[in-house]
Amino acid sequence: MAGYGWLSSATSSGSPLPPTWVACTPVAALTAGLPGGNRNTNGNFNNAGNNGNWWSSSPSGSNAWNRNLNNDNPNVNRNNNNQRNGFSVRCLRDADTKIPCLVSHGTGDLFALHADDRLLEGIFEAYYECRKNKRNKAEPLAFELNFESELLDLHEELLTFQYTPAPYRAFLVERPVLREVFAARFKDRVVHHWLMGLLNPHIEALLSDRCFACRKGLGVHAGHRAIQSDLAECPEGWVLKLDVRGFFMSIDRERLFKRLTRDMKHWNQNGLELWVQHVLRRLLLANPLKGCIQRPHHRWSELPQDKSLLRAPAGFGLPIGNLTSQIFANYFLNPLDQWIQGELGFHRYGRYVDDFYIVHRSKSTLRALIPATREFLSESLGLKLHPHKIYLQPVAKGVPFLGAFHHMDHAKLTPRLKGNMWRCLEEVNLHAQSAIGPLDKTHAAWAIPRLNSYLGLCSKLSARRWERKWLKSFDPKWWKILRFSRGKMIALTAPPRAARASNVSSFAIERR
């Protein structure tokens, strides 16, 4: 319904609304077709983009009657509220203004949009954040050739609510497990960083400190430290590990959007609430498979149905590969953390995405928790507990978590992780053997990220013996351009000495 929920520039008491609200919200809502929200008696504004009110001149005691429309409710409600709240009036627009969101002070226009500069500044900041460690890749390089023009065009699309994400590119990765990935275009990734720059600080404030995935200062290593500490605190107890079945593909995007919309009413979004809602609608309520380009792969048929967005029910599933999907996944499962830690009082607990554990002294208590968790996930989040990934064992036997098998005082790499390390090594050695001529810094830049992802894990888990065995199997060509220093591979900045050309002695010296 075009233009519903507009706020007037006066209250029923005749006092003018603050100029910032007059300048921003009606103009933005005009273009978006979103509700204008309301003004409270204390002068604050809220619910922009969520609901709108029409006021009547008929009094109801000291209040006045009004009709209310809400964006997630088809009913028209009749209420009476304090007369000092804001009116709704017909939509107004200056006849000389072609694009409402581009009007400014001093031109005779009715409104001015101060959000314009904040939006542009946020997009540039998001671009600089997005391109970190990606400036040698083809798509970011192509974007950077004309990045100012590209960002100004993107700003215009967002400002006028014309932004629509480009189709995804879907492909498979085989390590650490077979998984479907949806790659967004670089321009869309800039938008993802802009959106998360506004929302993630508020989401972080909600999350438990025992939620480890994709969070600054936490991550895999923090998860390893936490579970080992929890096991050591309860040596005579039991450990329960559970998993959500097909987690990413089971997320109801509309349920997620409604929860976000409700929580965002209390979040400071720097005056960009309507634009945030517009982008969220494009990401969560639109079909992510529309126009999707699927890269051929002989193993597509091996992917389980609950692991593929291509086979998920309509309205379900987040595309794995987006920054937004990682953060929204943490947010969506946050009620589980609050229920287990807050309501039930289990403090020796940790979660990484959908994989979570609880350590407790009583086996019967943990056993009773399994059906309760199953019921909570189903009723509160629409998710299912994986029936074949329920692990309940004494603490003394240890528990697998995040690629390692943890005991109270040490951890071992799992067989699957060791297998992935050997396959990585074979790939790296084959690369060296098939190279024409000597290896150079381009080869080093290709190999270092692959090697260090595993070496970092070995270092944190104190898997020194396994690490040494792995390094001894490297093709000697690599030691002419790489050096092992402080637990990671680095590129040599000068030609290696003859004594270092051979093999293991070089990295053994570095470790000492």
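Being a predicted model, the structure only gives us computed values, none of them experimental.

**Let's talk about the pattern of salt bridges**
Right, on to step 1. Following the criterion strictly, the structure yields nine salt bridges and no others.
Right, on to step 2. The residue E157 makes a salt bridge to K187 at a minimum N-O spacing of 3.5 Å. Here E157 is found in helix 4 (residues 147-159), whereas its partner K187 is found in helix 5 (residues 186-206), with 30 residues between them in sequence.
Right, on to step 3. Look at K187 and you get partly exposed, because its relative accessible area is 23%.
Right, on to step 4. Where E233 meets R348, a salt bridge forms, and the shortest distance between an N and an O atom there is 3.9 Å. Taken as a pair, E233 in helix 6 (residues 220-233) and R348 in the loop between helix 11 (334-343) and strand 12 (349-352) lie far apart in primary sequence, 115 residues in all.

**Structural notes on the nonpolar core**
Right, on to step 1. Grouped together as the largest cluster of nonpolar side chains are 93 residues, with contacts concentrated most on W194, L195, F247, L280 and F328.
Right, on to step 2. Residues in contact with F247, not counting those within four places in the same chain, are A329, F332, L333, V353, D354 and L383.
Right, on to step 3. A404, L413, L417 and W478 belong to the second-largest nonpolar core, a separate cluster that totals 31 residues.

**Focus on the packing of aromatic side chains**
Right, on to step 1. Within the structure shown, the criterion is met by 13 aromatic pairs.
Right, on to step 2. Between the aromatic rings of Y127 and F186, the centroid separation amounts to 6.1 Å while the plane-to-plane angle is 90°, which identifies the pairing as edge-to-face. Taken as a pair, Y127 in helix 2 (residues 115-130) and F186 in helix 5 lie far apart in primary sequence, 59 residues in all.
Right, on to step 3. Looking at R259, its charged tip hangs above the ring of Y331, at a distance of 4.4 Å from the centre.

**Focus: the sheet that holds strand 9 (residues 179-183)**
Right, on to step 1. Taken in spatial order, the three strands line up as 9-8-11 in an open sheet, and their pairing is mixed. Two strands close off the open sheet at either side, each with one partner strand: strand 9 and strand 11 (293-294).
Right, on to step 2. Here strand 8 (residues 169-173) pairs with strand 9 via five bridges, running antiparallel. Bridge assignment links F171 to a residue of strand 9, and that residue is V181.

**As for the pairing of strand 18 (residues 482-485)**
Right, on to step 1. In terms of strand pairing, strand 18 meets strand 19 (residues 488-491) through four bridges, oriented antiparallel. Its bridge partner being in strand 19, L482 is matched across the sheet by A491.
Right, on to step 2. Where strand 18 folds back onto strand 19 in an antiparallel hairpin, the turn is made up of two residues, including R486, whose phi is positive at roughly 55°.

**A word on the sheet that holds strand 17 (residues 411-413)**
Right, on to step 1. What the three strands build is an open sheet, ordered 15-16-17; its pairing is antiparallel. Here the strands that pair on one side only, and so sit at the sheet edges, are strand 15 (399-401) and strand 17. Along the sheet, successive strands turn relative to each other by an average axial angle of 30°, direction set aside.
Right, on to step 2. Examined bridge by bridge, strand 15 and strand 16 (residues 404-406) share three bridges and lie antiparallel to one another. Residue pairing across strands places F401 opposite A404, the latter belonging to strand 16.

**Looking at the environment of V177**
Right, on to step 1. Structurally, V177 can be placed in the loop between strand 8 and strand 9.
Right, on to step 2. A relative accessible area of 24% means that V177 is categorised as partly exposed.
Right, on to step 3. Put simply, V177 and N420 are 243 residues apart on the chain and 9.1 Å apart in space, counted from C-alpha to C-alpha.

**Things to note about helix 4**
Right, on to step 1. The terminal C-alpha atoms of helix 4, which comprises 13 residues, lie 18 Å apart, in line with the 18 Å expected from a rise of 1.5 Å per residue.
Right, on to step 2. Within the sequence span of helix 4, burial applies to F147, L151, L154, H155, L158 and L159. All buried residues of helix 4 project into a common sector of 130° when viewed along the axis, lining one side.
Right, on to step 3. Of the residues flanking the end of helix 4, it is F161, one or two places downstream, whose phi is positive at about 60°.

So, how was this worked out
- Residues numbered from 1 in each chain as written.
- Predicted model: local features only at pLDDT ≥ 70, side-chain atom pairs only at ≥ 80, totals over all residues.
- Heavy atoms only, no water.
- Salt bridge = Lys/Arg side-chain N within 4 Å of Asp/Glu carboxyl O.
- Helix = DSSP H or I, 4+ residues; strand = E, 2+ residues; numbered from the N terminus.
- Buried < 20%, exposed > 50% of the residue type's maximum accessible area, 1.4 Å probe, protein only.
- Core = buried A, V, L, I, M, F, W, Y, C linked by side-chain atoms within 4.5 Å.
- Contact = heavy atoms within 4.5 Å.
- Phe/Tyr/Trp six-rings, centres within 6.5 Å; stacked < 30°, edge-to-face > 60°.
- Lys NZ or Arg CZ within 6 Å of the ring centre and 35° of its normal.
- Pairing = 2+ DSSP bridges.
- Axes fitted to C-alpha atoms, helices over the stretch in contact; angles between N-to-C directions.
- Expected span 1.5 Å × (residues − 1).
- Arc of directions from axis to C-beta.

So yeah, pure geometry; function would need other evidence.
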